[in-house]
Amino acid sequence: MAKIISDVVCPFCGTLCDDLEVKVSDDGKEILEVYNACVIGTEKFLHSQAEDRLKVPQMQDEEGNSKDVSVDDAVEYTAQMLCNAKKPLMYGWSSTNCEAQSVGHEIAELVGAVVDNTATVCHGTTLIALQDVGVPSCTLGEVKNRADRIVFWGCNPAHAHPRHMSRYSIFPRGFFTGKGHKARKMVVVDPRSTDTAKMADLHMQIEQGRDYELLSALRVAIRGNPLPETVAGIPRETIQDVAETLKSGRFVIIFFGMGVTQSLSKNHNIDIAISLTRDLNDYTKAAIMPMRGHYNVTGSGQVLGWQFGYPFCVDLSRGFARYNPGDSTSNDLLRRGEVDAVFVLGSDPGAHFPISSVKKIAHLPSVCVDPHFTPTSAVCKLHMPVAFVGVEEAGCAYRMDNVPIETRKVVDAPEGMLSDEEFLKRVLTRVKEIKGVA
Amino acid sequence: MPEIELNLISGRSIQQGVSMEAGKEKPAYTKACGIIEMDDADFKRLGAWRNTNVRVTSEYGSVVVKAVQTTQGPHPGLAFIPMGPWANMVISPKTYSTGMPTFKGVPVTVDVAEDEPVYDSLDLVRKACKGEI
């Protein structure tokens, strides 16, 4: 008889839904069904069972032909590559647990690497803005229980965080929000009429890239000062209407995504979005929160923060931690040819970096540690398959509101397959031997 | 053949997420992300049928993808390629000292390339890295 494992945490996005139920076979080796998860989370659990899954490390020769190698060989290659490099880049960390991140950072410190996570192409500009102006934020529990004015700015949770609206932001009935979505006003700002925007009470279809102007205009409207006829393609009356809607709420939350962080103006967009939130606090309670993508990108920032004082792009090559976005960030380092080896774990820069950066990875000694075979694996010299964290390994992950949640293990990994943490510990041991720091 | 200018953004779609988790080497990933979503008005300007292969070119590179009718429109003049290696062939790698490439708001030209193939993700990245495309 199959058994059901409850309170399973989904290792896909930063919403980190913790109410999944997974039906596993009698012997506990196979996932049969996944309940409560969104379609993406379900796919992640079920794909771990794929028959064509890689189980043995693969090494590429000069011509790009792959051959199977042993785990010992993979550990040796990785340790030698990191020790021989003057300035290796250790990138990723967002699809693994905090325990593995911590071991990875220990290696980075020993070999003088740059440690960067996926925030660098996601909410890195948000982190810069938070350091510039601070942030009035809250937890998703507070949003569920208190928020009656919800803004989604430059994000599309219907596609990217599919259960965010039903669990926390729009539909649930909370302690002070007993009428659920009926008592909430939803505002969406997006240049497209997205599936999220179609559900909104007010959609401001902004001209792409003009977020700074519109945020500025909202600040003006909140103060009751005059505005031009249109700003960023939005009529004055609509802006004033949105300003009044926000001011009249009991608790305003602004969620923002890549539309703000990846358009020109970047961190300045977020600076002014935070300033708008601060202004709203003169009239009501308001908070702002980034919609984090990977399920533990927030955790990576946290662990880097505890250990080195900075949340991403930490350069340890001089023996102490330096942080300088634009200089120590992955894409800038790669494009300028400033790193001489690349180690990737828990992300896929091959698919998600500009091609000019991917070309640089392809021409360097490189290792990709990932359960999937990805475009990064296709260009890296070594692909090391590992267990799925959150499915085959437990461990700590941070939700988008900085709440740590212990993920659960539901099935065993294929026999002999290491977890990220185990692989990193073996590399660390070998690095210590090579460096003579037992 | 006509060539039209559009403003390109990239981003997530639910099909992108599902197919990514199901394996980036599978045809479903190419079907979900090797596309450009355009408005009817832009199809008319281009003089192309829906589901035609097109070449998207920017200052930073070019890529062949399938042009499909947008479901999250209207947004004339704006084009959308889901995040992934196809979009990353043409987006701006400039970070302006923030570390963040400019994934949204890249001027591109689009022209019909009916006879050219849409490569799968692994082929696309490998060929681009070898300088074959």
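Residues numbered from 1 in each chain as written. Chains lettered and ligands numbered in written order. Predicted model: local features only at pLDDT ≥ 70, side-chain atom pairs only at ≥ 80, totals over all residues. Heavy atoms only, no water.

J.: Looking at this structure, I do not really get the interface of chain B and chain A. What am I missing?
T.: When the parts of a complex come together, some accessible area is lost, and that lost area is often taken as the interface size. Taken together, the 50 residues of chain B in the interface contact 60 residues of chain A. Taken together, both faces of the contact between chain B and chain A bury some 4400 Å²; the carbon and sulfur share is 61%. Broken down residue by residue, the surface that chain B buries against chain A is led by Glu21(B), Gln72(B) and Met100(B), which jointly contribute 17%. At the junction of chain B with chain A, the criterion picks out 3 salt bridges. Residues Asp52(A) and Lys26(B) are paired through a salt bridge, measuring 3.2 Å at the closest nitrogen-oxygen approach. (Contact = heavy atoms within 4.5 Å. Buried area = accessible area lost by both parts, 1.4 Å probe. Salt bridge = Lys/Arg side-chain N within 4 Å of Asp/Glu carboxyl O.)

J.: Looking at this model, I keep getting lost on the state of the cysteines. Mind explaining?
T.: Note on terminology: disulfide describes a covalent bond linking the sulfur atoms of two cysteines. Residues and elements named next belong to chain A. Using the criterion set out here, one finds 0 disulfides over all chains in the structure. No disulfide involves Cys38; its sulfur sits 5.6 Å from the nearest other cysteine sulfur, which is in Cys10. Of all cysteine sulfurs in the structure, the one in Cys396 sits closest to Cys98, which takes part in no disulfide; the separation is 4.0 Å. Cys98 gets classed as buried once you look at its relative accessible area, which sits at 6%. (Disulfide = S-S within 2.5 Å. Buried < 20%, exposed > 50% of the residue type's maximum accessible area, 1.4 Å probe, protein only.)

J.: Whenever I open this one, the sheet that holds strand 2 (residues 20-24) of chain A confuses me. Can you help?
T.: Strand pairing within a sheet occurs via backbone hydrogen bonds; the two strands may be parallel or antiparallel. Residues and elements named next belong to chain A. Judged by pairing direction, the sheet is antiparallel, and its 3 strands sit side by side in the order 1-2-3 without closing on themselves. Only two strands of the sheet have a single neighbouring strand rather than two, namely strand 1 (3-8) and strand 3 (31-35). Here the strands of the sheet are splayed against their neighbours by 20° on average, with no regard to which way each runs. Taken together, the 4 bridges between strand 2 and strand 3 define a ladder with antiparallel strand orientation. Looking at strand 3, one finds that Glu21 is bridged to Tyr35. On top of the sheet, helix 1 (residues 39-47) reaches strand 1, strand 2 and strand 3; it is set at about 165° to strand 3, its chief contact. (Pairing = 2+ DSSP bridges. Helix = DSSP H or I, 4+ residues; strand = E, 2+ residues; numbered from the N terminus. Axes fitted to C-alpha atoms, helices over the stretch in contact; angles between N-to-C directions.)

J.: Even after reading the chapter, I still don't get the packing of aromatic side chains, so can you show me in this structure?
T.: Given two aromatic rings, one states the distance between the centres and the angle between the planes to describe the pair. Counted by the stated rule, this structure contains 8 aromatic pairs over all chains. Between the aromatic rings of Phe152(A) and Phe255(A), the centroid separation amounts to 5.5 Å while the plane-to-plane angle is 20°, which identifies the pairing as stacked. Linking Phe152(A) in strand 8 (residues 149-153) with Phe255(A) in strand 13 (residues 251-256), this pair joins segments that are 103 residues apart in sequence. The same class applies to Phe152(A) and to Phe255(A), which are both buried. Aromatic rings pair up to connect Tyr310(A), Phe312(A) and Tyr323(A) into one cluster. Directly above the ring of Phe80(B) sits Arg192(A), whose terminal nitrogen or CZ lies 3.8 Å from the centroid. (Phe/Tyr/Trp six-rings, centres within 6.5 Å; stacked < 30°, edge-to-face > 60°. Lys NZ or Arg CZ within 6 Å of the ring centre and 35° of its normal.)

J.: Looking at this model, I keep getting lost on the pairing of strand 8 of chain A. Mind explaining?
T.: Looking along a regular strand, one sees the side chains alternate between the two faces of the sheet. All names here are of chain A. For strand 8, the buried fraction is high: 5 of the 5 residues fall into the buried class. Looking at chain direction, strand 8 and strand 9 (residues 185-189) are connected through 5 bridges and run parallel. For Val151, the partnering residue across the bridge sits in strand 9 and is Val187. Sheet topology note: the strand 8/strand 13 ladder contains 5 bridges and is parallel. Considered in strand 13, the bridge of Arg149 is made with Val252.

J.: Explain the pattern of salt bridges here, please?
T.: Working definition: two side chains of opposite charge can pair if their charged atoms are close together. Residues and elements named next belong to chain A. In this structure the tally under the stated criterion is 34 salt bridges over all chains. Residues Arg430 and Glu433 are paired through a salt bridge, measuring 2.8 Å at the closest nitrogen-oxygen approach. Here Arg430 and its partner Glu433 are both found in helix 17 (residues 420-435), 3 residues apart, which amounts to about one turn of the helix. On the basis of relative accessible area, Glu433 is assigned to the exposed category, the value being 52%.

J.: What is the right way to look at the nonpolar core in this model?
T.: Generally speaking, a soluble globular protein has its nonpolar side chains buried in company with each other. By size, the foremost hydrophobic cluster in this structure holds 73 residues, and its most contacted members are Ile31(A), Phe45(A), Val410(A), Ile36(B), Met38(B), Val56(B) and Val110(B). The contacts of Ile36(B), once residues within four sequence positions are left out, are Leu8(B), Val54(B), Val56(B), Val65(B), Lys66(B), Ala67(B), Val68(B), Ala79(B), Phe80(B), Ile81(B) and Val110(B). (Core = buried A, V, L, I, M, F, W, Y, C linked by side-chain atoms within 4.5 Å.)

J.: Hey, could you run me through the packing of helix 8 (residues 211-223) of chain A against helix 9 (residues 236-247) of chain A in this one?
T.: For any two helices packed against each other, one specifies the crossing angle of their axes together with the interaxial distance. All names here are of chain A. Where helix 8 contacts helix 9, the two axes come as close as 9 Å, and the packing angle between them is 65°. With respect to the hand of their crossing, helix 8 and helix 9 are arranged in right-handed fashion. For the pair helix 8 and helix 9, contact is made by Leu214, Ala217, Leu218, Ala221 and Ile222 and by Ile239, Gln240, Val242, Ala243 and Lys247, respectively. Classifying every residue of the contact of helix 8 with helix 9 by side-chain character gives 8 nonpolar, 1 polar and 1 charged. (Left-handed = near helix turned anticlockwise from the far one by under 90°. Nonpolar A, V, L, I, M, F, W, Y, C, P; charged D, E, K, R; others polar.)

J.: In this structure, what is going on with helix 15 (residues 355-362) of chain A? I would like to understand it.
T.: One full turn of an α-helix is made of 3.6 residues, so residues set three or four places apart face in the same direction. Looking only at helix 15 of chain A, the buried set comprises Ile355(A), Ser357(A), Val358(A), Ile361(A) and Ala362(A). Projected onto a plane normal to the axis of helix 15 of chain A, the buried residues spread over an arc of 155° and lie on a single side. (Arc of directions from axis to C-beta.)

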